[in-house]
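Chain by chain, the residues:
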Amino acid sequence: MKKDLHPTNYRPVVFKDMSNGDMFLSKSTCKTSETIEFEGQTYPLYKMEISSSSHPFYTGKAKLVDTAGRVDKFFNRYGAARKNK
C-alpha cells in the first residue's frame, strides 16, 4: 500500500442513526465534536438523520421520516389537488 495515502485525521468513528438509534463503527475523516462509549472504548460520534438501517429502500418498509414538517407542507400544498382527481 502507498504511504501517506489516507489523511492524518482518518480514524474510527461511531455513526448513529437518529431515527432508530442504530450505531456502527467505521473509519472516517468527518469532523465531530461529541464522543460516545461503544464496545468498551470511546470514539468520536457522528449523528445521521437516516442510514441503511432506517432507509425505506434498504428495509423494504415505507416509513415517513419527517424532521422538519416537510411531508405536512407537501400534503397541505398538493394534497387537495390529488383528492380532486
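Structural notes, computed from the coordinates. (Residues numbered from 1 in each chain as written. Predicted model: local features only at pLDDT ≥ 70, side-chain atom pairs only at ≥ 80, totals over all residues. Heavy atoms only, no water.)

1. Brief notes about the pattern of salt bridges
Scanning all chains against the criterion turns up one salt bridge. Linking Glu34 and Lys47 is a salt bridge whose minimum nitrogen-to-oxygen distance equals 3.3 Å. Of the two residues, Glu34 is situated in strand E3 (residues 34–38) and Lys47 in strand E4 (residues 41–48); the sequence distance between them amounts to 13 residues. Using a relative accessible area of 38% as the deciding quantity, one classes Glu34 as partly exposed. (Salt bridge = Lys/Arg side-chain N within 4 Å of Asp/Glu carboxyl O. Helix = DSSP H or I, 4+ residues; strand = E, 2+ residues; numbered from the N terminus. Buried < 20%, exposed > 50% of the residue type's maximum accessible area, 1.4 Å probe, protein only.)

2. A word on the nonpolar core
In terms of nonpolar packing, the biggest core is built from five residues, these being Val14, Ile36, Phe38, Tyr43 and Leu45. Looking at this core, the elements with two or more residues in it are E3 and E4. In this structure, Val14 is in contact with Met23, Phe24, Leu25, Ile36, Phe38, Tyr43, Pro44, Leu45 and Tyr46, ignoring residues within four places of it in sequence. (Core = buried A, V, L, I, M, F, W, Y, C linked by side-chain atoms within 4.5 Å. Contact = heavy atoms within 4.5 Å.)

3. Remarks on unusual backbone geometry
Glycine aside, residues mostly have negative phi angles, and peptide bonds mostly take the trans form. Although it is not a glycine, Glu39 sits at a positive phi angle of roughly 55°. Within the secondary structure layout, Glu39 lies in the loop between E3 and E4. Given the relative accessible area of 68%, Glu39 is considered exposed.

4. As for the environment of Lys27
Within the fold, Lys27 resides in strand E2 (residues 23–28). Among residues more than four places away in sequence, those in contact with Lys27 are Tyr10, Arg11, Pro12 and Val13.

5. Comments concerning the side chain of Ser28
Locating Ser28 in the fold gives a position in strand E2. A distance of 3.0 Å separates a polar side-chain atom of Ser28 from the backbone nitrogen of Cys30. Excluding its chain neighbours within four sequence positions, the residues that come into contact with Ser28 are Asn9, Tyr10, Arg11, Val13 and Phe15. (Polar contact = N/O pair within 3.5 Å; in protein donor to acceptor, adjacent residues only side chain to side chain.)

6. What about the packing of aromatic side chains?
Aromatic rings in a pair are described by how distant their centres are and how their planes are angled relative to each other. Under the criterion given, the structure shown has two aromatic pairs. Ring geometry for Phe15 and Phe24: centres 5.4 Å apart, planes at 15°, overall stacked. We classify Phe15 as buried; its relative accessible area is 12%. Among the residues examined, Phe24 registers a relative accessible area of 38% and is labelled partly exposed. Seen from their ring centres, Phe15 and Tyr46 are 5.6 Å apart, and the 65° between their planes marks the pair as edge-to-face. (Phe/Tyr/Trp six-rings, centres within 6.5 Å; stacked < 30°, edge-to-face > 60°.)

7. Details of a nonpolar patch on the surface
A contiguous nonpolar patch, built from Phe74, Phe75 and Tyr78 and spanning about 330 Å² of accessible area, is present on the exposed surface. Note on placement: Phe74 falls in helix H2 (residues 70–83). (Patch = residues over 30% accessible without salt bridge, like charges linked within 9 Å, V, L, I, M, F, W, Y side chains within 5 Å. Areas by Shrake-Rupley, 256 points an atom, 1.4 Å probe, with all protein chains shown as cover.)

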